[in-house]
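# Working through the structure, step by step
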Amino acid sequence: MGDVRALKCRECGKEYEPQFRYVCEECFGPLDVQYKFHSDINRDTFSSRKEKSYWRYFEMLPIANKNNIVNLHAGLTPLQKADRLAKEIGGLKNLFIKNDSVNPTFSFKDRPAGIAVSRAKETKLKAVGCASTGNLASATAAHAAVAELPCYIFAPSDIGHVKIAQALSYGAEFVAVDGTYDDANRVASIIGDSKGIGVVNINMRPYYVEGSKTLAYEVAEQLDWEIPDNLVIPVGSGAMLNAICKGFEELQLLGLVDKERDFKITAAQPHGCAPIVDAFKKKSDEITPVESPNTIAKSLAIGDPGDGLYVLKRLSQYNGIAEEVTDEEIVEGILMLARTEGIFTEPAGGVAIAVLKKLVERGKIDKDERIVCYITGNGLKAAEAISSALPKLKSVKPDAQTVLAMIR
Ligand SMILES: *Cc1c(COP(=O)(O)O)cnc(C)c1O
Ligand SMILES: [Zn+2]
C-alpha cells in the first residue's frame, strides 16, 4: 500500500516524519509527500485492476491502510478523442479531452478532496474543511459525509447558488465570506489551526495535492502508457498543474513510461484573474496578486495563487506557455466544446479550450502534437455564466401548426 517515506520541503529539501505538518520549519517552503515505491510495480499492476476509480493507483497514494479509504468512486474518467473540436479549432491532428466533469460531485476536486479526507480519517482528525472557490466545497463535503466527519466550508459569498446548494446538501457548515477567495483562505487557515480542523487544501495540502496527480496516471494509462506532447491545464492556485507534472515524473521514475520523453505544458487563466500569465509574459519570477478578481471563471478566481511560483518553474522546466482569455472567449470555448463533442463544461473548461484555440491561431502549437486538454468541471454547476449568450426562448401554444410555422 501507499508507503509514505517522508514529507520533503520543496525549497530546501529538509525531510520530516509524515505527520500533521504542511510548511517547512526552516524556510516555510511547502512540503511534498515522498514514497518508498516498491520495485515490483509495473504497468500490469494497474492495467489489470478492476477498481474503476483513481484508487486503482493506491500504491502511489498516501494512505497506509485500505480500510481508511473514503471512496466515492471518483476518477478513471473518459479520455475522449476530440476530432470534431480539433477540426473546428484549426486542423489539429491528435486532440484528446480528459473529461473530468463527470466525477461524483462534478469536478476534478473529488481527487484531492478524497485523498485528504481519507488521510484525515486515517490520522483520526475530528473534523475537516476547506477554503473554496466553489467546487472543492462540494467535493470535501461529500467525502466528509461518507466519512461521517463534520465539514466546514469557507468560501466567497458570490460563488454561485448551485455550488452553495450542493455543498449544503451534503450537510456541510457553509461560511459565506463577504470577500475574495484569498480572504476566505486566510480565515480558514487561522480557524483550521486553532480548532484542529483538517483543512484539506491548507494544513493537509501535502496529501491533498497527491489526488490530482492521478490526472497524469490515468491519461498515461489511457494512452497505452505514453505521455502526450502537450497538456493544456486551467490554473487557479496552480496546485493541479504541479501535481500533474509530479504524476508524470513519478511514472518516469518507476519506468512505467519512457524516461526520456519530453512534454510541454500550457497554463490557461481567465483575463480577469491571470496573475501567473502576467508574470510569465513579463518574464518575472515574482507574482503580483490580483486584488479583486473579476471573471466568470469563478473556480479560477484566485488572486494570490499558492503554487504560482512553482507553475512558473514548471513552465520553464517543460518549455511551457501561459496564456489568458476574456470572458467572451471563455463562453465561446464552452459552447464550442458542447457543440462539437457533447461535453458541457463550466467556465474553467472554457478557459482551457479558448486558450488552446488562441495558441493554435497564433501558430504557437504544432498541429501534429498529441494534445490533452483537461476539462475539470461540469457546466451544470455554473449555467448562469453562459445564459446571456444563448438564444432567448419564446413560449408557444401547444399547437402543431403554430410550432411547424416557427421552427427552422
Ligand atoms: C479548482 C479548479 C481548478 C484549478 O485548480 P488549482 O489547483 O487551483 O489550480 C480548475 N478547474 C476547476 C473546475 C476547479 O474547480
Ligand atoms: Zn525548507
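See above for the structure.
The text that follows walks through the structure, step by step, so that each part is easy to find.

Rules used in this analysis
Throughout this document, residue positions are counted from 1 along each chain, in the order its sequence is written. For this description, chains carry letters from A and ligands carry numbers from 1, given in the order in which they are written. Reporting of local features is limited, given that this is a predicted model, to residues whose pLDDT is at least 70; pairs of side-chain atoms are given and counted only at 80 or more, and all residues count toward the totals for whole chains, interfaces and linings. Hydrogens and waters are ignored; side-chain quantities use all the structure's heavy atoms. When we say a residue is near a molecule or strand, we mean one of its heavy atoms is within 4 Å of it. Residues adjacent in sequence count toward polar contacts only when both atoms are side-chain atoms; beyond that, a polar contact is any pair of N or O atoms within 3.5 Å, and within protein one must be able to donate a hydrogen and the other to accept it. Per-residue accessibility takes into account occlusion by the displayed protein chains alone, with areas from the Shrake-Rupley method and a 1.4 Å probe. Method remark: on a 1 Å grid restricted to protein atoms, a set of points is classed as a cavity if a 1.4 Å probe fits but cannot get out and as a pocket if it is open with protein on both sides within 12 Å along at least five of seven lines; lining residues have an atom within 4 Å of a point. Placement in a cavity or pocket follows one criterion, namely that more than half of the molecule's atoms lie within 2 Å of its grid points. Helix and strand assignments follow DSSP, with helices taken as H or I runs no shorter than four residues and strands as E runs no shorter than two, numbered in order from the N terminus. The buried label applies to any residue whose accessible area, calculated with a 1.4 Å probe on protein chains only, is under 20% of its type's maximum; exposed applies above 50%, and partly exposed to all values in between. Should any heavy atoms of two residues lie within 4.5 Å, those residues are considered in contact. For two strands to count as paired, DSSP must find a minimum of two bridges between them. Only C-alpha atoms enter the line fits that serve as axes; for helices the fit covers just the stretch in contact. Angles between N-to-C directions range over 0 to 180 degrees. Here a donor is an N, O or S atom found within 2.8 Å of the metal, or within 3.2 Å if the metal is Na, K or Ca; sites may look incomplete because water is not among the atoms. Site shape is set this way: if four donors have all angles between 85 and 135 degrees, tetrahedral; if opposite donors are over 155 degrees apart and all others between 65 and 115, square planar for four donors and octahedral for six; otherwise irregular. Between 30 and 60 degrees the pair is tilted, below 30 it is stacked and above 60 it is edge-to-face, where a pair is any two Phe, Tyr or Trp rings, Trp via its six-membered ring, whose centres lie within 6.5 Å. Our definition puts a charge over a ring when NZ of Lys or CZ of Arg is within 6 Å of the ring centre and also within 35 degrees of the ring normal. For salt bridges, the criterion is a side-chain nitrogen of Lys or Arg within 4 Å of an Asp or Glu carboxyl oxygen. Patches were defined on residues exceeding 30% relative accessible area and lacking a salt bridge, with like-charge contacts within 9 Å and nonpolar side-chain contacts (Val, Leu, Ile, Met, Phe, Trp, Tyr) within 5 Å. Helix span, expected: 1.5 Å multiplied by one less than the number of residues in the helix.

### Let's talk about the site of ligand 1
Surrounding ligand 1, one finds 15 residues, the nearest of these being K109, N135, S237, G238 and T376. A239 is positioned with one of its backbone polar atoms (N or O) 3.4 Å from an oxygen atom of ligand 1. Contacts to ligand 1 include M240, whose backbone N or O atom sits 2.9 Å from an oxygen atom. For ligand 1, whose unbound accessible area comes to 390 Å², protein coverage reaches 97%. When each cavity is represented as a set of grid points, ligand 1 is found to reside in the largest pocket.

### What about the side chain of N203?
Positionally, N203 belongs in the loop between strand 9 (198–199) and helix 7 (205–212). A relative accessible area of 3% places N203 in the buried class. At 2.9 Å, the side chain of N203 and the backbone oxygen of I197 are in polar contact. Aside from chain neighbours lying at most four places away, what touches N203 is F20, Y22, G192, D193, I197 and G198.

### Topic: the sheet that holds strand 9
Strand order in the open sheet formed by 4 strands is 8-7-6-9, with parallel pairing between adjacent strands. This sheet does not close on itself; its edge strands, each paired only once, are strand 8 (173–177) and strand 9. When strand 6 (residues 128–131) meets strand 9, the two strands line up parallel, connected through 2 bridges. Bridged to G129 within strand 9 is V199. Docked against the sheet, helix 4 (residues 135–147) engages strand 6, strand 7 (151–156) and strand 8, running at close to 175° with respect to strand 6.

### Focus: the coordination of the zinc ion (ligand 2)
Around a metal, the perfect tetrahedron of four donors has angles of 109.5 degrees, and the perfect octahedron of six donors has angles of 90 or 180 degrees. Surrounding the zinc ion (ligand 2) are the protein donor atoms C9 (SG), C12 (SG), C24 (SG) and C27 (SG), at 2.3 to 2.4 Å. Angles of 96 to 118° at the metal separate the 4 donor atoms of the zinc ion (ligand 2), which places the site in the tetrahedral class. Looking at C9, the relative accessible area reads 3%, which means it is buried.

### Thoughts on the packing of aromatic side chains
Across all of its chains, the model carries 6 aromatic pairs by this definition. Between the aromatic rings of Y35 and F37, the centroid separation amounts to 5.0 Å while the plane-to-plane angle is 10°, which identifies the pairing as stacked. The class of Y35 is buried, set by a relative accessible area of 9%. Geometrically, the ring pair formed by F248 and F263 is tilted, given 5.5 Å between the ring centres and 55° between the ring planes. Here F248, found in helix 9 (residues 239–253), pairs with F263, found in the loop between helix 9 and strand 11 (264–270); they are 15 residues apart in sequence, far enough to count as distant. Accessibility classification places F248 together with F263 in one group, the buried group. Taken together, the aromatic side chains of F46, Y57 and Y217 make up a single cluster linked through ring pairs. Geometry around Y57 places R56 over its ring, the cationic atom sitting 6.0 Å from the centre.

### Some thoughts on the sheet that holds strand 13 (residues 370–375)
Strand order in this open sheet of 6 strands is 4-5-13-10-11-12, and the pairing throughout is mixed. Both edges of this open sheet fall to strand 4 (79–81) and strand 12 (321–325), since each of them pairs with a single strand only. Across the sheet, the mean angle separating the axes of adjacent strands is 25° when strand polarity is ignored. Across 3 bridges, strand 10 (residues 230–234) lies against strand 13 in parallel orientation. In the strand pairing of strand 13, V232 is matched with C373.

### Notes on the pattern of salt bridges
The full count for this structure, using the stated rule, is 32 salt bridges. With a closest N to O distance of 2.5 Å, E88 and R339 form a salt bridge. Taken together, the positions of E88 in helix 2 (residues 83–90) and R339 in helix 12 (residues 327–341) put the pair 251 residues apart, joining distant regions of the chain. Taking relative accessible area as the criterion, R339 reaches 56% and is therefore assigned exposed.

### Here's the deal with a nonpolar patch on the surface
On the surface, V396, L404, M406 and I407 cluster together into a nonpolar patch covering about 390 Å² of accessible area. Secondary-structure assignment places I407 in the segment after helix 14 (400–406).

### Observations regarding helix 12
Counted at 1.5 Å a residue, the expected span for helix 12 with its 15 residues is 21 Å, and the 21 Å between its end C-alpha atoms agrees. With its phi angle positive at about 70°, G342 sits one or two positions after the end of helix 12.

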